[in-house]
Amino acid sequence: ISASLADAKSPPWPWSWDTFPSWSFPGFLPNTLINTTSSKQFAANFHMIDLCCVDVQCAEGGPAVKDSVSHMSCAPHHANTSVPNTWIGNEEHALEAQAQLFKANGNPLVFPYIYFTVSELWYAAGSDSNGGYNDPIHSDWWLRDANGRPISCQDADHGCNWQGSEAHIYDFTLSAVQQFWLDHVLGPFLTMNSTDGNFFDEVATYVETLGPKHGVAPDKLEALANATLDVLQQATLQLAAHNKVGIFSYASSSHYPWFEARYLSILAQHGGLRFWEFFCKDWASCEADVVSLMRTVAEQVPAQLHSPVLHGHQPDWQFAAFYLGMGEYTYFCAGWSSDWSVNGFPVWDLYHKNAGAPLGLAVQEPAHVWHRSFQHLNVTVDFSSQQATMTWF
């Protein structure tokens, strides 16, 4: 399964049924995690780490900032001016250094985190008082609402997740935008020696959320949906050419059901992981999520799943739900709801359990009650009564 992913890296992509396929998103890394001892303790628990931000001083003395859009620690105006119109510069060194420490101590796969369609990384490194944030490269590249206003995350009415940050969403239907993204947003990551690819968040935000909310014409949204998938396919090809792979955040499409089919086809053909941010966020949605995971595995698409856990609760039933649908190259983590810091991702005891290989696919009997057996585990999840049982042996 997922031979395209397994063949995309050398040495082969790691997978074993004898260890739980855990990953983590350490969020804004505190300085304590930069040192070797802390990195060793952290990295040893996970197969994958989606590396968000290294909270350190920029290499050339610029101030470190926590940028809510790019999630990078060095603002664009502190970027290396020898690389025009791109954020990469000092932050590249910080990301490389942290990735090297992780790999030296635990050897997880490391994926720097960036947004797919929204980023102030798309701004020039200008010289104005706001450090270039108000110096857009091409305002004609911005996507706009039904009234012609640019979709800006500084505009509360537009409802971005990144409200208050200076960012716009860019129009992938323009060939110049596609090329800029490939050259200046993705491109610098391709030459990082210590990373294994990238995590791309919010793949279909405008198509699924902001565009319909603001009455953008359906034909424009459909064209944008296709163009977004075109860019995603080009990204998978370029990553594979550099022995890297992408993790692309996307849940489902209520407006364009065909979007998911093509999305999965691209990842199955060219390599890449599907990401769920809110897998089994509650009992009401969990059975549908499990069935969707089964479909993703059947399509031979790897996946990375995140389950939000209420503070003070144990995620046993979410682990059980994951076991129902998991396949080769599916990875899981559970973290405290709304806490994307390093403290939001506990190392659960279940990460160290060995279920062994599955003895078959999950079976539903009766309706809404699912069972699955592994070499060392039997799982039953009753979605009607909201109960889960894991029997280890």
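The shown structure was predicted, so the numbers you read here are calculated from the model rather than taken from an experiment.

Before going further, it helps to examine the pattern of salt bridges. Scanning all chains against the criterion turns up five salt bridges. For Asp-196, the salt bridge is made with Lys-103, and the minimal N-O distance between the two is 2.7 Å. Of this pair, Asp-196 sits in the loop between helix H4 (175-190) and strand S6 (197-201) while Lys-103 sits in helix H3 (residues 90-105), and the two are 93 residues apart along the sequence. Residue Lys-103 is classed as partly exposed on the basis of its relative accessible area, which comes to 21%. With a shortest N-O distance of 3.3 Å, Arg-274 and Glu-260 are connected by a salt bridge. Taken together, the positions of Arg-274 in strand S8 (residues 273-276) and Glu-260 in helix H7 (residues 257-270) put the pair 14 residues apart, joining distant regions of the chain. No difference in accessibility class separates Arg-274 from Glu-260, as the two residues are buried. By sharing partners, the salt bridges in this structure join Glu-260, Arg-274 and Arg-295 into a single network.

Another aspect to go through is the environment of Trp-336. Positionally, Trp-336 belongs in strand S10 (residues 330-336). According to the relative accessible area criterion, Trp-336 is buried, its value standing at 17%. C-alpha of Trp-336 to C-alpha of Ser-307: the two residues are 29 residues apart in sequence and 8.6 Å apart in space. Once you skip the residues sitting within four places of it in the chain, Trp-336 turns out to touch Val-309, Leu-310, His-311, Gly-312, His-313, Asn-343, Gly-344, Pro-346 and Trp-348.

Taking 1.5 Å per residue as the helical rise, H7 with its 14 residues ought to reach 20 Å, and the 21 Å between its terminal C-alpha atoms agrees with that figure. Of all the residues in H7, the buried ones are Phe-259, Glu-260, Tyr-263, Leu-264, Ile-266, Leu-267 and His-270. The buried residues of H7 all sit within an arc of 160° when viewed along its axis, so they share a single face. Relative to its buried face, H7 has exposed residues pointing more than 90 degrees away, namely Pro-257, Ala-261 and Gln-269. Once H7 finishes, Gly-271 follows within two positions and takes phi at roughly 95°, a positive value.

Take the sheet that holds strand S5 (residues 109-115) next. Adjacent strands of a sheet pair through backbone hydrogen bonds, lying either parallel or antiparallel. Strand order in this open sheet of eight strands is S1-S3-S5-S6-S7-S8-S9-S10, and the pairing throughout is parallel. One side of each edge strand has no neighbouring strand; the edge strands of this open sheet are strand S1 (23-24) and S10. Each of S5 and S6 touches H4; the most contacted strand, S6, lies at about 130° to it. Helix H9 (residues 316-325) contacts strand S9 (303-309) and S10 of the sheet and is inclined by roughly 165° relative to S10.

With that out of the way, let us pick up empty space enclosed by the protein. In total, this model carries three cavities of 30 Å³ or more according to the counting rule given. Space inside the largest cavity adds up to approximately 60 Å³. Around the largest cavity, the lining residues are Ser-16, Trp-17, Thr-19, Phe-20, Pro-21, Tyr-323, Met-326, Lys-353, Asn-354, Ala-355 and Gly-356. Space inside the second largest cavity adds up to approximately 40 Å³. Lining the second largest cavity we find Thr-117, Leu-143, Ile-169, Tyr-170, Val-203, Ala-204, Thr-205, Tyr-206, Val-207, Leu-224 and Thr-228. Elements with a contribution of two residues or more to the lining of the second largest cavity: helix H5 (205-213) and helix H6 (218-241). The dominant element in the lining of the second largest cavity, judged by the number of residues it contributes, is H5, at three residues. Here the lining of the second largest cavity is composed, by residue class, of eight nonpolar, three polar and no charged.

Attention now goes to the nonpolar core. Within the largest apolar cluster, 104 residues are counted, with the highest numbers of intra-cluster contacts made by Phe-116, Trp-181, Tyr-206, Phe-248, Tyr-263 and Phe-279. Take this core: its biggest share by element is nine residues, from H6.

On to the environment of Val-309. Residue placement: Val-309 occurs in strand S9. Classification of Val-309 by relative accessible area gives buried; the value is 2%. Sequence separation between Val-309 and Gly-335 is 26 residues; the distance between their C-alpha atoms is 5.7 Å. Setting aside chain neighbours within four positions, we find Val-309 in contact with Gln-314, Pro-315, Gln-318, Ala-334, Gly-335, Trp-336, Ser-337 and Trp-348.

Cut-off values and rules
Residues numbered from 1 in each chain as written. Predicted model: local features only at pLDDT ≥ 70, side-chain atom pairs only at ≥ 80, totals over all residues. Heavy atoms only, no water. Salt bridge = Lys/Arg side-chain N within 4 Å of Asp/Glu carboxyl O. Helix = DSSP H or I, 4+ residues; strand = E, 2+ residues; numbered from the N terminus. Buried < 20%, exposed > 50% of the residue type's maximum accessible area, 1.4 Å probe, protein only. Contact = heavy atoms within 4.5 Å. Expected span 1.5 Å × (residues − 1). Arc of directions from axis to C-beta. Pairing = 2+ DSSP bridges. Axes fitted to C-alpha atoms, helices over the stretch in contact; angles between N-to-C directions. 1 Å grid on protein atoms, 1.4 Å probe; cavity = no way out; pocket = protein on both sides within 12 Å on 5 of 7 lines; lining within 4 Å. Points joined across faces, edges and corners; volume = space filled by probe spheres on them. Nonpolar A, V, L, I, M, F, W, Y, C, P; charged D, E, K, R; others polar. Core = buried A, V, L, I, M, F, W, Y, C linked by side-chain atoms within 4.5 Å.

Keep in mind these numbers describe shape, not what the thing actually does.
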